[in-house]
Amino acid sequence: MRFQNVTTNHWNVQENLDHANFDREFYEDLNRGRPGFKLKRSIAIGPRSGKAFVVKAGEIFRIVETEGPQICDLWLFNRKNPKEHFWSNYTMVLEGVYLKQYGRLWSNMPWFRPMATFMEETVRSRGGFPHIISFGSHCTSELWELHSGIKGLNSCHINGLNAIAPFGLKEENLHDNLNVHMKVEINPNDGQVSVSKSDCVRGDYAEFFAELDLLAAVSACPLGDGSYPNSMPEKMIVGPLEIEIYSTGIRPKTFPKWYNWRTNKPRIKKEDSIELKANT
Ligand SMILES: [Zn+2]
């Protein structure tokens, strides 16, 4: 047996981008058109609360730090079919843990296409540590209870539910999300994740271009600016956020259809079918 020709198979995020019909020139043109963007709507989000809002395909939305650093969770749904939503795990696989400029926010199966494209993070533009994390998850009251022993605390899960409720969406719709303006470091030796105080300053923003008609929901996380550990919820320094929605006058490119392998569905004979049964 010969192994000398075996090479390490690198998982290259940039190659993924290039292979997934990514048109860098389109987004660079879009960026150059920035002075022509028109502010359509601003939405204030108070500390420890959440709101959802519609963003049309071709519009840009910004999450703005109005007073100072404040961690935010972001959920995305296809406005016309909320079964299609942001898929944090596969976004991390394709784009990396820290989302870069023009990184795309992918949707779940069977759609699996970019829902939005990440345009700008001002913290990183200043040369700072990346603050947009694609590995999903948001805080829950259960997490706060686990870490602090205090029951019934506010959480991004509650804020997210309150945000989507007016649009008829429920807990089963609240998928894993994107973490925005959160300073997360990953220890390469043991894989442990740690959060420290966000480097954001007043006026910092993260900006996204809608590839589809979207319903976006955000939560101003009770973790606040990330200064204190989860065991000290009473100390958190929390603040508001603002959403700004801009029209760009540019239509997104249509993402090409995947090959439809589903025409070859497995056929199951009645005698081969297995019923799921609860253990008794
Ligand atoms: Zn949270």
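1. Description of the overall build of the protein
Right, on to step 1. On a plain count of helices and strands, the protein comes out with six helices and 14 strands.
Right, on to step 2. Taking the principal axes of its C-alpha atoms as reference, the protein extends roughly 60 × 60 × 50 Å.
Right, on to step 3. Across the 280 residues of the protein, 36% fall into the buried class.
Right, on to step 4. Across the protein, the fraction of contacts at a sequence separation of at least 24, relative to all contacts at a separation of at least 6, is 75%.

2. Focus on the confidence of the model for the protein
Right, on to step 1. Here the protein shows a mean pLDDT of 90. Residues at 70 or above account for 92%.
Right, on to step 2. Every residue in residues 1-8 is under pLDDT 50, and counting partners more than four places away or in other chains gives zero contacts.

3. Topic: the sheet that holds strand 12 (residues 205-210)
Backbone-to-backbone hydrogen bonds join strands into a sheet, with any given pair of strands oriented parallel or antiparallel.
Right, on to step 1. Taken in spatial order, the six strands of this open sheet run 1-14-3-12-7-6, and their pairing is antiparallel. What marks the edges here is a single partner per strand, and that holds for strand 1 (38-45) and strand 6 (104-106). Taken over all neighbouring pairs, the strand axes of this sheet differ in orientation by 25° on average, direction set aside.
Right, on to step 2. Across seven bridges, the pairing between strand 1 and strand 14 (residues 241-247) is antiparallel. In the strand pairing of strand 14, S42 is matched with E244.

4. Here we look at the nonpolar core
Right, on to step 1. If you look at the biggest cluster of nonpolar residues, it comprises 55 residues, and the most contacted ones within it are I63, C72, L76, L214, A216 and V218.
Right, on to step 2. Contact partners of V218, with chain neighbours within four places excluded, come to I45, G50, K51, I63, C72, D73, L74, L241 and I243.

5. Quick word on the environment of E171
Right, on to step 1. Position of E171 relative to the elements: it lies in the loop between helix 6 (156-164) and strand 9 (178-180).
Right, on to step 2. Its 10 C-beta neighbours within 10 Å are what place E171 among the exposed residues.
Right, on to step 3. In this structure, the C-alpha to C-alpha distance between E171 and G160, residues 11 residues apart in sequence, is 8.8 Å.

6. A word on the environment of F61
Right, on to step 1. For F61, the location among the structural elements is in strand 3 (residues 59-64).
Right, on to step 2. The spatial distance from the C-alpha of F61 to the C-alpha of I243 is 6.8 Å, given a sequence separation of 182 residues.
Right, on to step 3. In contact with F61, other than residues within four places in its own chain, are V55, F208, A210, A216, I243, E244 and I245.

7. A short note on the pairing of strand 7 (residues 114-121)
Right, on to step 1. Here strand 7 lies mainly inside the structure; seven of its eight residues are buried.
Right, on to step 2. Bridging between strand 6 and strand 7 involves three bridges; their strand directions are antiparallel. Counted as the bridge partner of R104 is T117 from strand 7.
Right, on to step 3. Where strand 7 meets strand 12, five bridges bridge the pair, whose relative direction is antiparallel. What sits directly across from A116, in strand 12, is A210.

What counts and what doesn't
- Residues numbered from 1 in each chain as written.
- Predicted model: local features only at pLDDT ≥ 70, side-chain atom pairs only at ≥ 80, totals over all residues.
- Helix = DSSP H or I, 4+ residues; strand = E, 2+ residues; numbered from the N terminus.
- Buried ≥ 20, exposed ≤ 12 C-beta atoms within 10 Å, placed from the backbone.
- Contact = placed C-beta atoms within 7 Å.
- pLDDT = per-residue confidence, 0-100.
- Pairing = 2+ DSSP bridges.
- Axes fitted to C-alpha atoms, helices over the stretch in contact; angles between N-to-C directions.
- Core = buried A, V, L, I, M, F, W, Y, C linked by C-beta atoms within 7 Å.

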